[in-house]
Protein chains: 2
Amino acid sequence: MILVKRGKTKDVYQNDNGMLQLLFKDDATGANGVFDPGANTVGLTLPGIGKRNLELSKYLFELLRNNGIATHYIDCDVDSSTMTVLPATVFGHGVEVICRFVATGSFIRRYGDYVEDGAVLPAYVEITLKDDERNDPLITQAGLQVLGIMSAEEYTNLVTKTQDISKLIKAEFNNYGIDLLDIKLEFGKNQETNEIMLIDELSSGNMRVSENGNVLKPFELIDKVLSQV
Amino acid sequence: MILVKRGKTKDVYQNDNGMLQLLFKDDATGANGVFDPGANTVGLTLPGIGKRNLELSKYLFELLRNNGIATHYIDCDVDSSTMTVLPATVFGHGVEVICRFVATGSFIRRYGDYVEDGAVLPAYVEITLKDDERNDPLITQAGLQVLGIMSAEEYTNLVTKTQDISKLIKAEFNNYGIDLLDIKLEFGKNQETNEIMLIDELSSGNMRVSENGNVLKPFELIDKVLSQV
């Protein structure tokens, strides 16, 4: 296996048949030891979180597969903390697609003049560039088009896919008495078919979830979901 | 006359017949004494710039009027540094609509991972909220809609109007051998007819203009245009 890339929370390897193996690590995003799924720096290590995030990802990717949604997921091996996935071509140098059901985090930092933290949003979708140096800047459909990152049609496609996936996960979590506040997805194109598919992980690092108004910490979220399935 | 508002570069009064009078001041946006049309703080005072900006605004608003474009402009009196305009209802707490023919300034600070400073852009339009405290955040069509600031139709309308106005000014400036790099416009609704119209000023504080690759300073820009008309 060849090491392709060391990421913040995962390392990426390529195996002999061209598939990728994602190794889930115990690092989490945040700052000064405080977890924040909206951060783009490694802020803390949570022993055991890699395996648990992999288990949540496995559960959610299989949920999506059962609902006919295209993803890069092939299978996973929890013992070795690895998920096997299809290789994908990302948009530009990578984008993040965020779906918000509640106004919080960077949305409030930008638009707090118009909305209170905690206000309900109707599956609002926005795209940011993966660019640590520039703090993951927001970008519009016109901006993505003018920089050659994606076409107007691909933008509309990503917005619809993101709303479908986010609503499905929100509905699933509602069965367990917890609320999905926002979720950050990544997409890429299948290198053989060119089909747009969900990539990356679906774990405590990608989403804010609350129970009775309190945002759940990473292990709390995972335990809550996996203890009930 | 009643003082309605003290602004950064203009004060706004209401006269007896309900029209507004904009008093152009000698303050300019920037930081630490350096002029920057993209800044949202008063950074310097340029003695005489208020009257000269008013003269450039008068010239450009009359150019637009002659081209059938709706604006708030009624007339102006250079001696008293005032422009008389129609009252308008702004979108939300005010938005700025930027048209970029060249990638520079905040566009590069956000998207420098994809484009070089100075690259040509095809009349790319983006909207920011007027919010000094939050440094005028960028907002998407979906964001403007979800916050109740404007509808999707109004967004499309503003983009088209902004491109039309910006291209007209760019073409006019090209006649004088200078290049419009970017321009920041404001719009409001006519309080009687609800028609969307261009508001604010059209001066050295709203645009970056270059000659032979050098960005012109405020007085240079105004002198260049007005000496040739």
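Residues numbered from 1 in each chain as written. Chains lettered and ligands numbered in written order. Predicted model: local features only at pLDDT ≥ 70, side-chain atom pairs only at ≥ 80, totals over all residues.

Draft legend 1. The arrangement of the nonpolar core in detail. The biggest cluster of nonpolar side chains holds 108 residues, and the ones touching the most others in it are Val97(A), Val209(A), Val97(B) and Val209(B). Those residues in contact with Val97(B), other than ones at most four positions away along the chain, are Val125(B), Ile127(B), Leu158(B), Thr162(B), Leu185(B) and Phe187(B). (Core = buried A, V, L, I, M, F, W, Y, C linked by C-beta atoms within 7 Å. Buried ≥ 20, exposed ≤ 12 C-beta atoms within 10 Å, placed from the backbone. Contact = placed C-beta atoms within 7 Å.)

Draft legend 2. Region of the structure containing the packing of helix 1 (residues 49-66) of chain B against helix 5 (residues 218-226) of chain B. Residues and elements named next belong to chain B. Where helix 1 meets helix 5, the axes come as close as 10 Å, and the angle between the chain directions of the two elements is 40°. With respect to each other, helix 1 and helix 5 are oriented oblique. The two elements helix 1 and helix 5 cross, and the hand of that crossing is left-handed. Seen from helix 1, the contacting residues are Ile49, Arg52, Asn53, Glu55, Leu56 and Tyr59; seen from helix 5, they are Pro218, Phe219, Ile222, Val225 and Leu226. (Axes fitted to C-alpha atoms, helices over the stretch in contact; angles between N-to-C directions. Helix = DSSP H or I, 4+ residues; strand = E, 2+ residues; numbered from the N terminus. Parallel < 35°, antiparallel > 145°, perpendicular 65-115°, else oblique. Left-handed = near helix turned anticlockwise from the far one by under 90°.)

Draft legend 3. View of the sheet that holds strand 6 (residues 42-45) of chain B. Strand order across the open sheet formed by 3 strands is 5-4-6 (chain B), with antiparallel pairing between neighbours. The strands lining the two open edges of the sheet, one partner per strand, are strand 5 (34-35) and strand 6 of chain B. (Pairing = 2+ DSSP bridges.)

Draft legend 4. Layout of unusual backbone geometry. All names here are of chain A. Backbone geometry places Ala123, a non-glycine residue, at a positive phi of 50°. The topology assignment puts Ala123 in strand 11 (residues 120-129). Phi at Asp200 takes a positive value of approximately 65°, unusual for a residue other than glycine. If you trace the backbone, Asp200 turns up in the loop between strand 14 (196-199) and strand 15 (207-211). Take Asp200: there are 24 C-beta atoms within 10 Å of it, and that puts it in the buried class.

Draft legend 5. Structural view of the pairing of strand 4 (residues 27-31) of chain A. Residues and elements named next belong to chain A. Here strand 4 shows a buried face lined by Ala28 and Gly30 and an unburied face lined by Asp27, Thr29 and Ala31. Across 3 bridges, the pairing between strand 4 and strand 6 (residues 42-45) is antiparallel. Opposite Thr29, over in strand 6, you have Val42 as the bridge partner. In sequence, strand 4 turns back onto strand 5 (residues 34-35) through a hairpin of 2 residues, with Asn32 there showing a positive phi of about 55°.

Draft legend 6. Spatial organisation of the domain arrangement of chain A. Residue and element names in this part refer to chain A. Taken domain by domain, chain A comprises domain 1 (2-88) and domain 2 (89-216). Here domain 1 and domain 2 have C-alpha centroids that lie 17 Å from each other. Of all the secondary-structure elements, those providing two or more residues to the side of domain 1 that touches domain 2 are strand 4 and helix 1 (49-66). Residues that form the side of domain 1 that touches domain 2 fall into these classes: 12 nonpolar, 9 polar and 1 charged. (Domains from an automatic or database assignment. Nonpolar A, V, L, I, M, F, W, Y, C, P; charged D, E, K, R; others polar.)

Draft legend 7. Spatial organisation of the relation of the copies chain A and chain B. Once chain A has been moved 0.0 Å along the axis and rotated by 180°, it coincides with chain B to within an RMSD of 0.0 Å. As the rotation angle and translation indicate, the two copies are arranged about a two-fold axis. Every residue of chain A has its C-alpha some distance from the rotation axis, and the shortest such distance is that of Thr140(A), at 2.8 Å. Comparing interface residues between copies, 100% of those in chain A also sit at the interface in chain B, which points to an isologous, same-surface contact. (Least-squares fit on C-alpha atoms with pLDDT ≥ 70 in both.)

Draft legend 8. View of helix 4 (residues 152-175) of chain A. Residue and element names in this part refer to chain A. When the terminal C-alpha atoms of helix 4 are compared, their 35 Å separation across 24 residues agrees well with the 34 Å that a helix rising 1.5 Å per residue should span. Within helix 4, burial applies to Tyr155, Leu158, Thr162, Ile165, Ser166, Ile169 and Phe173. One or two residues past the end of helix 4 sits Gly177, with phi positive at roughly 75°. (Expected span 1.5 Å × (residues − 1).)

Draft legend 9. Representation of the interface of chain A and chain B. Each side of the interface is counted separately: chain A has 23 residues, and chain B has 23 residues. Counting residues per element, the ones that place at least two in the side of chain A that touches chain B are helix 2 (106-111), strand 11 and helix 3 (141-146) of chain A. Of all the elements, strand 11 of chain A adds the most residues to the side of chain A that touches chain B, at 6 residues. Each residue belonging to the side of chain A that touches chain B can be placed in one class, and the counts come to 13 nonpolar, 5 polar and 5 charged.

Draft legend 10. Region of the structure containing the sheet that holds strand 8 (residues 82-85) of chain A. Residue and element names in this part refer to chain A. Taken in spatial order, the 5 strands make up an open sheet running 1-2-3-8-7, and their pairing is antiparallel. Only two strands of the sheet have a single neighbouring strand rather than two, namely strand 1 (2-6) and strand 7 (73-77). Strand-to-strand twist across the sheet, computed as the mean angle between neighbouring axes with direction ignored, equals 25°. The pairing of strand 3 (residues 20-24) with strand 8 spans 4 bridges and is classified as antiparallel. By the bridge assignment for strand 8, Leu23 is matched with Thr82.

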